[in-house]
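# What the coordinates show
Here's the letter readout for the chains.
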Amino acid sequence: MAPQGSRAPLEFGGPLGAAALMLLLPATMFHLLLVARSGPARLLGLPPHLPAPEALWSPGALLLWLTWLGLQAAFYLLPAHKMAEGQELKDKSRLRYPINGFQALVLTALLVGLGVSAGLPLGMLTEMLLPLAWVATLTAFIFSLLLYLKALMAPASALAPGGNSGNPVYDFFLGRELNPRFGSFDCKYFCELRPGLIGWVLINLALLVQEAELLGSPSLAMWLVNGFQLLYVGDALWHEEAVLTTMDITHDGFGFMLAFGDLAWVPFTYSLQAQFLLYHPQPLELPTASVICLVNAVGYYIFRGANSQKNTFRKNPSDPRVAGLETISTATGKQLLVSGWWGMVRHPNYLGDLIMALAWSLPCGVSHLLPYFYLLYFTALLVHREARDEQQCLQKYGLAWHEYCRRVPYRIVPYIY
Ligand SMILES: NC(=O)C1=CN([C@@H]2O[C@H](COP(=O)(O)OP(=O)(O)OC[C@H]3O[C@@H](n4cnc5c(N)ncnc54)[C@H](OP(=O)(O)O)[C@@H]3O)[C@@H](O)[C@H]2O)C=CC1
Ligand SMILES: CC(C)=CCC[C@@H](C)[C@H]1CC=C2C3=C(CC[C@@]21C)[C@@]1(C)CC[C@H](O)C(C)(C)[C@@H]1CC3
């Protein structure tokens with residue numbers, strides 16, 4: 001975090017990089033959507049044909065998308081069995097967040113199940129991915145503009161360290177306000193875990209249903225991809241409170257990067273493996289599937305263990321589950337874990353997440369690079385994110401962070417990186 005009053009260093013290539021990303025990210029998403037359904041399915045090749053403009057625009061898709069957002073917002077506003085406090089803000093206050101994400105997932109599943117039993121053609125959703133991705137992208141742009149304008153009236157204490165360079169393009173991309181709310185409705189927290197994440201597994205399910213209609217039954221590979229990614233989303237919502245200690249919530253402003261990332265990039269590119277499998281069925285033997293399940297289990301064990309250990313420690317360092325761990329004291333009063341998962345490497349949670357990303361691609365076979373796009377993108381994202389976090393932790397903890405790096409020299413992969 002930049003010292004008080006000074007501007008944080010520019011990231012993502014500054015205004016030029018931000019502008020390029022605002023064009024490149026949506027273009028990449030549409031490229032992936034088109035290539036996944038093409039015969040060759042070449043990640044690096046141009047799609048065989050570009051969609052006609054009318055294929056991108058559909059009033060039905062707009063209505064479905066707005067209904068989806070409204071439904072998830074309604075579930076968010078339902079009474080929560082628990083309210084959690086976020087990390088302390090600059091003005092020493094703490095925001096309160098409803099913990100009802102898993103409830104929203106279950107209610108969505110019940111609603112979709114009722115719809116399908118009443119004849120809802122869920123598989124048809126797979127034919128609407130392009131127009132839905134288009135309206136999601138438009139929503140992200142419009143929402144980001146509203147948030148940018150809202151932030152112009154926000155007090156300095158409400159602003160994020162990053163997205164206040166004074167350059168409108170850069171600030172629009174990175175996001176000016178840290179926790180933009182309308183009343184108690186937290187926009188960033190809602191978008192991070194609800195419409196995109198639940199939409200992702202709903203798209204996966206629609207692709208599985210469509211494959212069953214085309215082939216008679218879903219393939220083992222499609223079951224694996226659906227199961228792994230449902231575990232990931234269900235875990236995120238079951239441990240919803242843990243998101244309150246992540247960088248997005250504690251440090252990053254809510255701008256186009258996260259709005260587009262949450263609302264469009266996650267549901268339409270994270271479902272790429274399932275999209276690929278619908279148009280390119282892959283044979284998968286049980287022994288191979290068993291090994292892939294083991295890979296996902298190892299990744300999940302590391303991911304969950306590391307995230308829960310850090311979140312438990314941050315919530316209560318005296319919790320018996322973490323009280324025995326070695327720590328480094330810092331001038332801020334917070335301590336750094338230097339044993340347990342966080343003594344293995346400095347981002348063990350990233351390692352577990354990357355192992356799961358590999359397990360999600362393996363059921364798609366090795367004949368095409370396209371299903372490994374998520375692994376490639378995610379590796380780049382986490383390496384970049386790790387570097388950002390290191391800078392922020394160096395600012396926060398100074399010499400204590402140097403000591404941590406001396407004692408835990410590897411960032412993500414033990415003895416490698
Ligand atoms: N699927 C996806 O697309 C993505 C998934 N993720 C996943 O989200 C999860 C959260 O990742 P992310 O938000 O990047 O950040 P982390 O959950 O890794 O949190 C980083 C923060 O943790 C604290 N911390 C770091 N080291 C220590 C330590 N040794 N002891 C105590 N606290 C420490 C610091 O904050 P402080 O000290 O201020 O508390 C640091 O800023 C990860 O599992 C990641 O894999 C992330 C991005 C995308
Ligand atoms: C290229 C691009 C558009 C970048 C935007 C990045 C976002 C897609 C990701 C930034 C951090 C994320 C997190 C999750 C999903 C992807 C984004 C929004 C997350 C909700 C996935 C589930 C995990 O369990 C998590 C809750 C730890 C995680 C939090 C960070």
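Note that this is a predicted model, so its numbers are computed, not measured. Every chain is numbered independently, its residues counted from 1 as its sequence is written. Chains and ligands are labelled by the order in which they are written, letters from A for the one and numbers from 1 for the other. The model is predicted, so local features are restricted to residues of pLDDT at least 70 and side-chain atom pairs to those at 80 or more, both for listing and for counting; the totals for chains, interfaces and linings are taken over all residues. Water and hydrogen atoms were dropped before computing side-chain values, which therefore reflect all heavy atoms in the structure.

## Considerations on the packing of helix α8 (residues 195–215) against helix α11 (residues 256–269)
To be explicit about the condition: Note on method: axes are straight lines fitted to C-alpha atoms, helices fitted across the in-contact stretch only, with angles between N-to-C directions ranging 0 to 180 degrees. For helices the rule is a DSSP run of H or I covering at least 4 residues; for strands it is a run of E covering at least 2, with both sets numbered from the N terminus onward. Here the word oblique covers every angle except those under 35 degrees (roughly parallel), over 145 (roughly antiparallel) and from 65 to 115 (roughly perpendicular). Left-handed is the label given to a crossing in which the near helix is rotated counterclockwise from the far helix by less than a right angle, and right-handed is the label when the rotation is clockwise. The contact criterion used throughout is that any non-hydrogen atoms of two residues lie within 4.5 Å. Three residue categories are used. Nonpolar comprises Ala, Val, Leu, Ile, Met, Phe, Trp, Tyr, Cys and Pro, charged comprises Asp, Glu, Lys and Arg, and polar comprises the others, including Gly.
With their axes 8 Å apart at the nearest point, α8 and α11 run at an angle of 20 degrees to one another. Between α8 and α11, the interaxial angle falls into the category roughly parallel. In this structure, α8 meets α11 at a crossing whose hand is right-handed. Contacts between α8 and α11 involve P195, G196, L197, G199, W200 and I203 from the first element and D262, L263, V266, P267 and F268 from the second. Classifying every residue of the contact of α8 with α11 by side-chain character gives 8 nonpolar, 2 polar and 1 charged.

## Examining the nonpolar core
Under the convention used in this document: What is meant by a nonpolar core is a set of buried Ala, Val, Leu, Ile, Met, Phe, Trp, Tyr and Cys residues, joined one to another through side-chain atoms within 4.5 Å. Per-residue accessibility, obtained with a 1.4 Å probe over protein chains only, is compared with the maximum for each type, and a residue is labelled buried under 20%, exposed over 50%, and partly exposed between these values. The start and end points of each domain follow an automatic or database-based domain assignment.
Counting residues in hydrophobic clusters, the biggest one holds 108 residues, and the most contacted among them are M29, F268 and L370. Shared between two domains, this core takes at least three residues from each, and those domains are domain 1 (56–88 + 95–281) and domain 2 (286–416). Setting aside residues no more than four positions away along its own chain, L370 makes contact with L32, V35, A36, A41, L43, L272 and F276.

## Some thoughts on the site of ligand 1
Using the following cut-off: When at least one non-hydrogen atom of a residue lies within 4 Å of a molecule or strand, that residue is treated as near it. Within 3.5 Å is the distance limit for a polar contact, defined as a pair of N or O atoms, with the added protein rule that one can donate a hydrogen and the other accept it, and that residues adjacent in sequence qualify only through two side-chain atoms.
Near ligand 1 you find 27 residues, and of these Y270, Y350, R385, D389 and Y397 are the closest. One of the side-chain nitrogen or oxygen atoms of Y270 is found 2.5 Å away from an oxygen atom of ligand 1. Taking L337, its main chain carries an N or O atom lying 2.9 Å from a nitrogen atom of ligand 1. Contributing elements (two or more residues each) for the shell around ligand 1: α13 (286–315), β6 (335–337), α15 (348–361), α16 (373–397) and α17 (399–407). When residues in the shell around ligand 1 are grouped by element, the largest group, 8 residues, is from α16. Residues that form the shell around ligand 1 fall into these classes: 15 nonpolar, 5 polar and 7 charged. Split by domain, the shell around ligand 1 shows at least three residues from each of two domains, domain 1 (56–88 + 95–281) and domain 2 (286–416).

## Regarding the site of ligand 2
What counts is decided by this rule: Where accessible areas are quoted, they stem from the Shrake-Rupley method and a 1.4 Å probe; at the residue level, only the protein chains shown are allowed to cover.
Taken together, 16 residues lie near ligand 2, and E192, A236, D248, D262 and F303 sit nearest. Burial of ligand 2 by the surrounding chains reaches 87%, relative to a free accessible area of 630 Å². Of all elements in the fold, only α7 (187–193), α9 (220–238), α11 and α16 reach the threshold of two or more residues within the shell around ligand 2. With 5 residues, α11 is the single largest residue contributor to the shell around ligand 2. Tallied by class, residues from the shell around ligand 2 come to 11 nonpolar, 1 polar and 4 charged. When residues of the shell around ligand 2 are assigned to domains, at least three map to each of domain 1 (56–88 + 95–281) and domain 2 (286–416).

## Considerations on the confidence of the model for the protein
Which entries qualify depends on this criterion: In predicted models, pLDDT denotes the confidence assigned by the predictor to each residue on a 0 to 100 scale.
This prediction gives the protein a mean pLDDT of 94; 98% of its residues lie at or above 70. With pLDDT under 50 throughout, residues 1–5 is counted as low confidence; its partners more than four residues away or in other chains account for 9 contacts. Reported for the predicted complex are a pTM of 0.96 and an ipTM of 0.98.

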